Amino acid sequence: MKRRMNVSQGIKVRGRVKITVHDHSTGLITVLCDDPNLIVNNGLTVFGQLLAQIAVTPTDNKITSIKFGTDSTAAAAAQTNIIGSLIIQKNISTYTEDVGGTPGIVAFELTLDTTEGNGSTINEIGLFTANGTMVARRVTPAIPKTNLISVSVEWRLTFTTS
């Protein structure tokens, strides 16, 4: 008689966003937040497609950019895009896996320079794939963007069984 082995282990995905503002007029560097964010429903679908390799084109699900927007509506799982007006969409400049030597952590980083997105107040950010699917969203403290500041974003995704 064959015995079936039932192995069940859930995988959890957690997002965390660190936003740092550098005021170039004073030299002051401020960490505005280093907090969890919401992985939206479409983000969970993207991760499932990546694991099963069922995307039409695998590169469609590659995380490639962050959008900056103006709305402070709370993040919700059903959201598919930033809510407010798009200030700027910027490509990820750095991708790191196994952050700090820890398996299962990936980080995406970019800097919004002093010449980008000026004249608006950033209130939200979204993490997007190459095909435009939003994976995660975070409402931010209000950041009045001027040519005197740059804004750095480090977005970490942690895959864990606990």
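Keep in mind that what you see is a predicted model, and the values were worked out from it rather than measured. Residue positions within a chain follow its written sequence, with the count starting from 1. Reporting in this predicted model follows two pLDDT cut-offs: at least 70 for local features of residues, and 80 or more for side-chain atom pairs to be given and counted; totals over whole chains, interfaces and linings ignore these cut-offs and use all residues. To obtain the side-chain values, all non-hydrogen atoms of the structure were used and water was disregarded.

(A) Up close: the nonpolar core. Core analysis: the largest hydrophobic core is formed by 28 residues, its most contacted members being Ile 66, Phe 68, Ile 125, Leu 127, Val 153, Trp 155 and Leu 157. Broken down by element, this core gets its largest block of residues, 5 residues, from strand β9 (residues 149–160). Among the buried residues, those of types Ala, Val, Leu, Ile, Met, Phe, Trp, Tyr and Cys that are joined through side-chain atoms within 4.5 Å form a nonpolar core. Throughout this description, buried means an accessible area under 20% of the type-specific maximum (1.4 Å probe, protein chains only), exposed means over 50%, and partly exposed covers the range between. By definition, any uninterrupted DSSP run of H or I lasting at least four residues is a helix, any uninterrupted run of E lasting at least two residues is a strand, and each is numbered from the N terminus.

(B) Expanded view of the packing of aromatic side chains. Centres within 6.5 Å make a pair out of two Phe, Tyr or Trp rings, where for Trp the six-membered ring is used; the pair is then stacked when the planes are under 30 degrees apart, edge-to-face when over 60, and tilted otherwise. Per the stated rule, a full pass over the model turns up 2 aromatic pairs. Considering the side-chain rings of Phe 47 and Phe 159, the 5.4 Å spacing of their centres and the 85 degrees angle between planes classify their relative orientation as edge-to-face. Pair noted here: Phe 47 is in helix α1 (residues 41–52) and Phe 159 is in strand β9, with a separation of 112 residues, a long-range link. For Phe 47, a relative accessible area of 9% corresponds to the buried category. Ring geometry for Tyr 95 against Phe 108: centres 5.6 Å apart, planes inclined by 45 degrees, an arrangement best described as tilted.

(C) Structural context of the pairing of strand β7 (residues 121–129). The buried fraction of β7 is high, at 8 of 9 residues. Note on pairing: two strands pair once DSSP finds at least 2 bridges between them. Note: strand β3 (residues 63–69) against β7, 6 bridges, orientation antiparallel. Within the sheet, the bridge partner assigned to Gly 69 lies in β7 and is Glu 124. With 7 bridges connecting them, β7 and strand β8 (residues 134–144) associate as antiparallel partners. For Leu 127, the partnering residue across the bridge sits in β8 and is Ala 136.

(D) View of the pairing of strand β1 (residues 12–23). Pairing geometry for β1 and β9, over 12 bridges, is antiparallel. Across the sheet, the residue bridging to Asp 23 is Ile 149, located in β9. Pairing between β1 and strand β2 (residues 29–39): 8 bridges, direction antiparallel. Within β2, the position partnered with Val 17 by the bridge is Asp 35. Between β1 and β2, which pair antiparallel one after the other, the connecting turn spans 5 residues, and Gly 27 there sits at a positive phi close to 80 degrees.

All quantities given are derived from atomic positions and should not be read as evidence of function.
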